[in-house]
Amino acid sequence: MTLALPPAEQKFDGSPLGALVRPRTSTGLKGWLTTVDHKKIGIMYGAAAMFFLLIGGAAALLIRIQLAAPNQTLLGGDAYNRVFTMHGTVMVFLVVMPIGAAFANYMMPIQIGARDVAFPRINAFSFWVFLAGGLMLNTSWFLGGGANGGWFNYAPNNGIAFSPSAGIDFWNLGLFIAGIGSLSGAVNLITTVLNMRAPGMTWMRMPVFVWMTLVTQFLLLFAIPVLTVAQLLLMFDRNFGANFFNVSQGADPLLWQHLFWVFGHPEVYLMILPAFGIVSEVIPAFARKPIFGYPFMVASGAIIGFMGWGVWAHHMFVSGIGPLSVSAFSVATMFIAVPTGVKILNWVATLWGGKLLMTTAMWFSVGLIVQFTVGGLSGVAHAVAASDTQQTDTYFIVAHFHYVLFGGALFGFYAGLYFWWPKAFGYLLDEKWGKWNFWSMVVGFNLTFGPMHILGLQGMPRRMQTYDDAMGFSNWNLVATIGSLILGVGTLLILVNAMISRRRWIADGRPNPGPDPWDARTLEWSIQSPTPEHNFDYTPQVTELDDFWHRKYAMDENHNLVKIADAKDLAQPGNGEGVHLPAPSFWPILLAFSMPIIGYGVMFSLWLTIPGGILMMASLYGWALEPADDLDPKIDDHDGHGELVNV
Amino acid sequence: MKKLLTGAPVALALLLAGCGDDSKPLNTYEPQGPKAEAIDRIIQPIFLLAFVIGFLVFGVVAWLIFNNRVDPETYDPLDFPDQVHGNAKLEWGWTLVPAVILAIISAWSVPAIWDLEEKNEAGELDVLVIGQQWWWEYRYDVNGNGFFLDVDGDGVAGDEDDLQWPLELLLDPEDVVTANQLVIPAGQQVDLTLTSRDVIHSYWIPRLNGKRDTVPGRFHTWSVAANEAGEFTGWCTEFCGISHARMRMSAIALDKPDFDAWLANQSEAAAIPEEGSIAWEGREVFQAQCTQCHNITEDLDDPANVVAALTAKAAPNLTHFATRAAFAGNIYSQWVGIDPDAAQMDVSTYLDLGANYRFNEPELRRWIRNAPGRKDMAPEDERGMTAFPQLSDEQLDQLIAYLETLD
C-alpha cells in the first residue's frame, strides 16, 4: 500500500511517567500504532477496509467460480457455506462499515472546522478494536474454518447442535468485539458533531455529509446494542450451555430473527447514508451549482434514519409472523421509498441545468444514482409482501442488495476516494485510470448482478452450493461469473491508480495540487493538501452553507456571479505553530487487542481470559492514569498557558 | 460510452424476456395454480411501473450528462450555471406524488397478503409438512382425527397442551407418511401445516404458491393448489446447513380419481414378501440394519409395529417407497429415465412407475453403501444417513429387492 502521510515533524519533550512512556513520535510504524490523529485513523480504517475487501472479494470470486457452471465441485457443501457466510460478513462489517467510518473520521472533523474528534484516544481505540475483532473473525480460516451460518446466522442453525465447529463462535465474538468499536466510535463522532463545529456553523449550515454522518452514528448507537444482545445470548448458548434459542427447551427461533433484523435493517441504512452524503458533496462541486433542496436532503436523510427502525420485519415476510404484521411492515417499507426517492430526484435536479464536469468522482456519483435506483425499485417490488413470497431467498434479493450496497454504497465511496484523495495524500488520482476504474466496474457490476434479477425470478434460490443444468440457470450464471471477474479487476484498479499516480506525481515533480483542486464548496478545501496534522491554523468562522465557496464567489450588483478571492489566497497556510495536539498513546491499541484474547478464551480455554483480562485492566488503568503533561513547553495555547487534555 | 449507456436498458429488457420460459422448472413467471396466479397478478404491474420509473431516471440522467457536460480542459470556471438552490413546490411534489402512488400500491396489494392466508373449509384435505435436514416428510390425516395424538390424555387430541410435547411423541402413527414428493389432487386447494424437526427450512413450490418457512416449535399454515395434473418442482429456500442445495421436493398433482387411488394405496400397510424370497431376506436385512431410523409400517393392529413407528428416528418412512419417483431429498432418481431436476415427469405414469421404468438399482446401491459420500450430511451428529460399508453385495441385492416390492 502507498498510504502514507508525508512526514510531519513533531517534537515533544515531556517527562516519562506511567508504565509506558507516552509516545512522542508521529512518524514511522510507531507513529501509526499510537496515533490519535483522526486523519491517520481515518486512513487506517480505509486501508483495513481495502485489506478486508481483498478477503471478501476473493470469497466472492470463489462463489462465482463455483457457480459458473452446473454441478461443479470446487467447493463442497460445507466449504461453500463458510465462503458465502464470510463473504457477506466481511463485506458488511469489515468493508462497507469501515469505509464509511474512514470518511466520517477523516472528513467530518475538517468539514466542521475542528482540529480533531472529541475523544482522540477513544477514536484510536474504536479503530483498533474494530481491527482486532475483524482479524479475530478471519483467524477462523486457520482455526477450523470460517463461520457457516450465513451473515444473518439464524437460530437454531447457529446452535452448537447444528453447527458444532467453532466458525460461528468466531463470527459471534469477533463481531461482538468489532461492535464495541462501532459503538464507541458512534459516541465519539456524535459528540464531535454536536460540540465541535466551528463558530457560526449552525445545523442548517452543516455539509450534507456531516448530516449523514450524524444520522449514521445515531443509527449505530442504537442498532449495534441490539445485535450485541443477540450475540451475548448466543454466546451463552454456545459456550456456556444456556437455552435461549433451544427449541426443545421452549425457545422460539424467531426471537433471533427479530433481534437480528432490528439491528440489521438500520444497518442497511447506516451503510448507504454515508455514501449518500458523499455524492451530495461531489455532485454540487462538479455540477457547479449548490445541492438542490438542501433542507429536503437533510430532512430525508434524517427521516430515513427514523423510518429505518420500523421496517425490519420485511426480512421476515415468509417467517410466519402473521398477515397483520406482514401488512403493517409491507406498508411501512413502501413508504421508506419516499425519502429515498426525494434524494434521488434532488440529485437529478442538481444535475439539471448544471455545467457537468464529468470527473471520475462525478461518474461514480451518477453511477450511484442510477444503480441505487434499480436497487430501490426492486426493493419496492418486494416490499409488496405477496410478491416477496416468490422473490425472497432467491437471487432476485441478491441482485437487489448488491445494487444497493455495491452499486450504491461502494460506488459512492469510490466517488469519495477520487474526490478527497488529494486532500488526504497531496496528489490527484489519474483521471484516465479513473475512467477505466469506473467503466470496468460499471460493466463488471451490471454483468454480475443484472442477470441475478433474472435468475431469481427464474427460481434460483440463494445460498446454493450448486445447481443442475436441467434447472435452466446455467447461462446467466456464466454471464454473472464473467462479470464478476471484470468487476474484481475493476475494483482493484483504484489501487493501481493510486500507485501509478503517486509515482508519476513524484517522478514528474508536479506541484502540490493546492488546497482546492476542484474549486469546491466546503471547509476542508480551505486548508492545505494534504491536510496539515493540526488541520486548521485558526478556527474558521462560518457564515453560510458552503461557506468556503461563498468566500470565493459572490454576486455583483447585476446579480452575476463573480470571483472575489482565490482559493490559494483564502486557504490557511498550514502553519501549526502554537497549536496543541493531543499526544499519541499506546493504551488504545493494547486495550483493543486484549479483547480477542478474552474472546479466544471463551472459545478454547477460559484460562486465556486471565492474561486477556489482566491486559485489559492494565490498559484501562494505564489509559486513565496516562499523564497529560506532555506538552511541548514551548507551545502555548491561545490563552497563554498549556491546556491539559486527557481524553 | 454511448453504447454502454444504451446497453443497460437492453439488459433490463432482457430481464423481462428471460422470464416466462417453461424449460425452467422453478420459474416464478409460470404460475400454474390460483395462489401463484394471484401473486403473479400483483408482480406484473409493479414490475412494469418499476421499469418505467427506472428508465425515466436512467434516461434523464443520461440525457443530462450528454447535454450539460462541459470539457474540463476548456471550461471557464466563471461560466456558472444558474445557481438554483431548490424549489419547494417541486420538492413537495416529488415527495407527495410518490407517497400517493405507494399508498395506492399498498391499498391494492395488501389484501393479497390476506388472500394467500385463506384456508379451506374444515374437512378438506390438509397435509402436515415437516422439514428436516435435508428432506421433507408429509403426513396425510387419513383417519380424520388430526395429525397429533392426545399426549396429555385430556380427551382432546392436538390441543395446545399436546403441542408442547416433542414432535416425535405427538405424531399420529396411523396417518399416511410419505417423503419428498407431495402428492395432491389437481384443481383444488390443499392446506398445509408446516413445521420442522431441527432448523428453519422454507417450503416453496414456485408454480403453485410463494414460500413459507417451516420453523421448529411452530405450526404455520400455508397452501398449494394446481390447476391441472402435473409435476411442480420446489426447493428449500431457507438456509439449513451443508446440504441446503440438496433439499428439494416436488408436488405431484393427480386428477382426483388418480389421487384417491394413490391415497388408498398409501393407506395400506406394507406388503410382506413371500417367505424365503430374496425380498424376504431383504426384509430381514432391513429389520436388522435400518429400523433404528427408517420405518416401514406393517399391520398397526400389532402393538410392536406401533412402537416401531413411534420410536424410529427422523428418516423417511419407506412403507410405499416404490411409489416415489426420487429419493434423498428428491435429488436422485429412483427409476432409470426420470430426471428429478428437470421435473417435467409425465404424471400419468406416476401411479405405476414400476411398469414404465426400471428400478434404479445402481443409484440405490451407491446411496446405501455410502450416503454421506453422495450428499453432504453429518451422520456423526445424527443429521443425515450414515454409510453402510459393512453390508455385503448380496445383502444389498436383497435389500434393494425388498425396497422394490414396497409399492
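Residues numbered from 1 in each chain as written. Chains lettered and ligands numbered in written order. Predicted model: local features only at pLDDT ≥ 70, side-chain atom pairs only at ≥ 80, totals over all residues. Heavy atoms only, no water.

Caption draft 1: Molecular detail of the sheet that holds strand β4 (residues 176–179) of chain B. Residues and elements named next belong to chain B. Strand order in the open sheet formed by five strands is β4-β3-β2-β6-β9, and the pairing between neighbours is mixed. At either end of the open sheet lies a strand with only one pairing partner, and these are β4 and β9 (220–225). Within the sheet, the average angular offset between the axes of one strand and its neighbour, ignoring direction, is 30 degrees. Bridge count for strand β2 (residues 126–132) against strand β6 (residues 189–196) is six bridges, and the pairing is parallel. Looking across to β6, one finds that Ile130 is bridged to Thr195. Each of β3 (135–140) and β4 is contacted by helix α5 (residues 256–267), which is oriented at about 105 degrees to β4, the strand it contacts most. (Pairing = 2+ DSSP bridges. Helix = DSSP H or I, 4+ residues; strand = E, 2+ residues; numbered from the N terminus. Axes fitted to C-alpha atoms, helices over the stretch in contact; angles between N-to-C directions. Contact = heavy atoms within 4.5 Å.)

Caption draft 2: A look at the interface of chain B and chain A. Taken together, the 100 residues of chain B in the interface contact 105 residues of chain A. Summed over both partners, the interface of chain B with chain A buries about 8500 Å², with 72% contributed by carbon and sulfur atoms. If you look at where chain B meets chain A, you find three salt bridges. Viewed at the interface, chain A and chain B are joined by 24 residue pairs in polar contact (both at pLDDT 80 or more). Breaking the side of chain B that touches chain A down by element, the ones donating at least two residues are α1 (2–18), α2 (34–68), β1 (69–70), α3 (88–117), β7 (201–204), β8 (211–214) and β9 of chain B. No other element matches the 18 residues that α3 of chain B contributes to the side of chain B that touches chain A. Strand direction decides the pairing type here: strand β1 (residues 356–357) of chain A and β1 of chain B, joined by two bridges, are parallel. (Buried area = accessible area lost by both parts, 1.4 Å probe. Salt bridge = Lys/Arg side-chain N within 4 Å of Asp/Glu carboxyl O. Polar contact = N/O pair within 3.5 Å; in protein donor to acceptor, adjacent residues only side chain to side chain.)

Caption draft 3: Region of interest: the pairing of β4 of chain B. Residues and elements named next belong to chain B. Burial of β4 is two-sided: the residues Val176 and Thr178 facing one way and the residues Val177 and Ala179 facing the other way are all buried. Bridge count between β3 and β4: four bridges; the pairing is antiparallel. Among the inter-strand pairings, Glu137 is bridged to a residue of β4, identified as Ala179. (Buried < 20%, exposed > 50% of the residue type's maximum accessible area, 1.4 Å probe, protein only.)

Caption draft 4: Structural detail: the pattern of salt bridges. All chains considered together, the criterion is met by 31 salt bridges over all chains. A salt bridge links Arg238 of chain A to Asp169 of chain A, with the shortest nitrogen-to-oxygen separation between them at 2.8 Å. Remark: Asp169 of chain A occurs in helix α5 (residues 167–195) and Arg238 of chain A occurs in helix α6 (residues 208–240); sequence separation between them is 69 residues. Just as Arg238 of chain A is buried, Asp169 of chain A falls in that class too. Where Asp381 of chain B meets Arg383 of chain B, a salt bridge forms, and the shortest distance between an N and an O atom there is 3.5 Å. For Asp381 of chain B, a relative accessible area of 32% gives the class partly exposed. Classification of Arg383 of chain B by relative accessible area gives buried; the value is 9%. Counted as one network, the salt bridges with shared partners bring together Arg288, Asp516, Asp519 and Lys552 of chain A.

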